[in-house]
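# Residue-level structure breakdown
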Amino acid sequence: MDFDQTDAYLRRIGAERPTAPTTRALHDLQLAHLRAVPFENLSIHLGEDIELTDDSLVAKVVGAHRGGFCYELNGAFATLLTSLGFEVTLLQARVYDASGHPGIPYDHLALRVRTGDGGDWLADVGFGTHSHFPLAYGERGDQADPGGTFRVTRTPEGDLDVSRDGKAQYVVDQRPRALGDFTSGAWWHRTSPRSHFTQSLVCSLLTGTGRITLSGRTLTTTTDGERHVVELATDADVLDAYATHFGIALQQVPHVKKTVSPGGHATP
C-alpha cells in the first residue's frame, strides 16, 4: 500500500499512524482493528467472490467497509502492518474441534510480527472471540489478556499450540507461508458441507464493553459479562442491524442455503 492507502486503512480502524513499528503500536493497532472490522462470513451466503490478494482484501475491508473471516482479516492486517514497517510472517494453523482434534491444513491464518524494538508476537484479528492483544511469541507461561488467559506451548513436532482458558484453540506451523497458500483452505470453508461457515451466518465485533454478534436474525449484545438477546422480526430490521452495529450496508439479507452437521472452525 502507498502512503494514502495506509492512511485510509488507519482511518477505517480509527487509529493514528505510529511513529515507529513498536510493540506498543502493534498492540494498539490490533485492538483498534478488532473494534472496527467485524469477523463475518456474509460473502459466502451472498454469492460474493473471495480473492486472496493484498489489493482485494484491502479493498473489501477499507473500500467496501466490510469484514471477513481469518484469511481476509489477517491477510489485510498483514498488509497494513507491512506498510507501517513491521516484519510480518504469515503462518498456517489447524483449528481444534470440540473433541480436541485439529482441522484441515490451512484451516486458519495467523501472523508472526516482529517489531522495531525487538518484540516477537503472535497477532490475530481473524479468530472471532480471541485475545484482544498480540501474544508474546516466545512466552511459554500464562498470558493474561482481557479476552482470557492464553498460553503458547511448543509441541513435540515443533509447532505451537495456542490455548485460551485451558482449552486448545489452534496449532500453528511455524514455517513462513504466502497468502496464496491459503487458497485451498479458503475454498474448503466456502464450499464444504462440513465447514461451519457454509452452515451458519455470523457477524461479530468486539466493543469497549463486550461484544455484539448478529447470527441470522439473532442479535446478541454482551455488556460487562451480561448477555442481551433480541430476535429481529423482519428483513428490514436485519439490514438495519448490519448497518447500525457493524457499518455494513447490504442490499439483501444473506441466508444460509442448507443445514448440515456442525464443523470444527472457531466462531464468536
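The coordinates are above.
Source: prediction; values computed, not measured.

For the rest of this paragraph, the subject is the overall build of the protein chain. Helices and strands together make up the secondary structure of the protein chain, namely eight helices and 13 strands. Relative to a compact globule of 268 residues, whose C-alpha radius of gyration would be 18 Å, the protein chain shows 18 Å and is just as compact. In terms of principal-axis extent, the alpha carbons of the protein chain reach across some 50 × 45 × 40 Å. Looking at the protein chain residue by residue over its 268 residues, the buried ones come to 51%. Long-range contacts, defined here as pairs at least 24 residues apart, represent 57% of the contacts in the protein chain between residues at least 6 apart. Carbon and sulfur atoms form 50% of the exposed surface of the protein chain, whose accessible area is close to 12100 Å².

Remark on secondary structure: sheet strands pair via backbone hydrogen bonds, oriented parallel or antiparallel. Strand order in this open sheet of eight strands is 5-4-3-2-9-8-7-6, and the pairing throughout is antiparallel. Two strands lie at the open edges of the sheet, namely strand 5 (135-136) and strand 6 (143-145), each paired on one side alone. Sheet topology places strand 6 next to strand 7 (residues 148-154); three bridges connect them, and they run antiparallel. Each bridged residue has a counterpart across the sheet, and for D145 the counterpart in strand 7 is G148.

Enumeration over the complete set of coordinates arrives at 13 salt bridges. The salt bridge involving R17 is made with D7; its shortest N-O contact spans 3.0 Å. Separated by ten residues along the polypeptide, R17 in the loop between helix 1 (3-13) and helix 2 (23-36) and D7 in helix 1 bring together distant segments of the chain. We classify R17 as partly exposed; its relative accessible area is 31%. Residue R190 is joined to D49 by a salt bridge in which the shortest nitrogen-to-oxygen separation is 3.6 Å. Of this pair, R190 sits in helix 6 (residues 183-191) while D49 sits in the loop between helix 3 (42-46) and helix 4 (54-63); the two residues are 141 residues apart in sequence, bridging distant segments of the chain. The exposed category is assigned to D49, whose relative accessible area is 60%. Within this structure, E87, R112, R114 and D120 form a network of salt bridges that share partners.

Turning our attention to empty space enclosed by the protein. Using the criterion set out here, one finds one cavity of 30 Å³ or more in the structure. The computed volume of the largest cavity comes to approximately 60 Å³. Among the elements that take part in the lining of the largest cavity, strand 10 (residues 203-206) stands out by supplying three residues, more than any other.

The rules behind the values
Residues numbered from 1 in each chain as written. Predicted model: local features only at pLDDT ≥ 70, side-chain atom pairs only at ≥ 80, totals over all residues. Heavy atoms only, no water. Helix = DSSP H or I, 4+ residues; strand = E, 2+ residues; numbered from the N terminus. Rg over C-alpha atoms; globule rule 2.2 N^0.38 Å. Buried < 20%, exposed > 50% of the residue type's maximum accessible area, 1.4 Å probe, protein only. Contact = heavy atoms within 4.5 Å. Areas by Shrake-Rupley, 256 points an atom, 1.4 Å probe, with all protein chains shown as cover. Pairing = 2+ DSSP bridges. Salt bridge = Lys/Arg side-chain N within 4 Å of Asp/Glu carboxyl O. 1 Å grid on protein atoms, 1.4 Å probe; cavity = no way out; pocket = protein on both sides within 12 Å on 5 of 7 lines; lining within 4 Å. Points joined across faces, edges and corners; volume = space filled by probe spheres on them.

Just geometry here; none of it tells us what the structure is for.
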